[in-house]
Amino acid sequence: MFMALNDLSGVRHAYEVGREIRGLSVRQEAMDMIFTPNAMYTSLGIMLSFYILVAYLLIKNKAYFCGNDLSA
């Protein structure tokens, strides 16, 4: 994410070319909203929040994923 923030125009161009190669439409208005520093920080915050939530749920339900040790 921090590498993308250093070169937003390059990331935008790569995203645009990738969509064109796959035959998808490219909307300039949407790209103007997506490729701003503020939008990148927002997506970083959402992504980190999601990962923290998943980690919390995994730790809370650790017994479910590990199972019972029947060899003892």
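Quick note: structure is the one above.
For every chain, the first residue of its written sequence is number 1, and the numbers climb from 1 along that sequence. Two thresholds apply to this predicted model, a pLDDT of at least 70 for residue-level local features and 80 or more for giving and counting side-chain atom pairs, whereas whole-chain, interface and lining totals are computed over all residues. Processing note: side-chain calculations cover all non-hydrogen atoms of the structure and skip hydrogens and water entirely.

Engineer: Help me out: how do you make sense of the overall build of the protein in this one?
Structural biologist: Within the protein, the secondary structure is distributed over five helices and zero strands. Going along the chain from the N terminus, every DSSP run of H or I of four or more residues is numbered as a helix, and every run of E of two or more is numbered as a strand. Reading the secondary structure of the protein in the N-to-C direction produces α-α-α-α-α. For this measure, only C-alpha atoms enter the radius of gyration; the expected value for a globule follows 2.2 Å times N^0.38, where N is the number of residues. Relative to its length of 72 residues, the protein is extended, with a C-alpha radius of gyration of 20 Å against a globular reference of 11 Å. Oriented by its inertia axes, the alpha-carbon framework of the protein measures out at about 60 × 30 × 20 Å.

Engineer: Whenever I open this one, the pattern of salt bridges confuses me. Can you help?
Structural biologist: Between side chains of opposite charge, a pair can form when the charged atoms approach closely. Note on definitions: salt bridges are taken to be side-chain nitrogens of Lys or Arg within 4 Å of carboxyl oxygens of Asp or Glu. The full count for this structure, using the stated rule, is one salt bridge. The partner of D32 in a salt bridge is R12, and the shortest N-O contact between them spans 2.8 Å. A residue pair is termed long-range when its members are at least 10 positions apart, and D32 in helix 3 (residues 28-34) and R12 in helix 2 (residues 8-21) qualify at 20 residues.

Engineer: What should I look at first to understand the nonpolar core in this one?
Structural biologist: Considering soluble globular proteins, one finds that nonpolar side chains tend to be buried as a cluster. With five residues, the main nonpolar core is built from L5, L8, M31, F35 and M40. When residues no more than four places from it in sequence are discounted, the contact partners of L8 are F35, T36, P37 and M40. As used in this record, nonpolar core signifies buried Ala, Val, Leu, Ile, Met, Phe, Trp, Tyr and Cys residues forming a set joined through side-chain atoms within 4.5 Å. A 1.4 Å probe rolled over the protein chains alone gives each residue an accessible area, and that area as a share of the maximum for its type sets the label: buried under 20%, exposed over 50%, partly exposed in between. When checking whether two residues touch, look at their non-hydrogen atoms; a contact exists if any pair is within 4.5 Å.

Engineer: Would you mind showing me how to read the packing of aromatic side chains here?
Structural biologist: Here a ring pair, both rings aromatic, is described through the centre-centre distance and the interplanar angle of the planes. Two rings belonging to Phe, Tyr or Trp (six-membered ring only in the last case) form a pair when the distance between their centres is within 6.5 Å. Interplanar angles under 30 degrees mark stacking, angles over 60 mark edge-to-face geometry, and anything in between is tilted. Within this structure, the stated rule accounts for two aromatic pairs. Between F50 and Y51 the ring centres are 6.0 Å apart and the planes differ by 50°, which places this aromatic pair in the tilted class.

No statement about biological role is implied by the geometric values presented.
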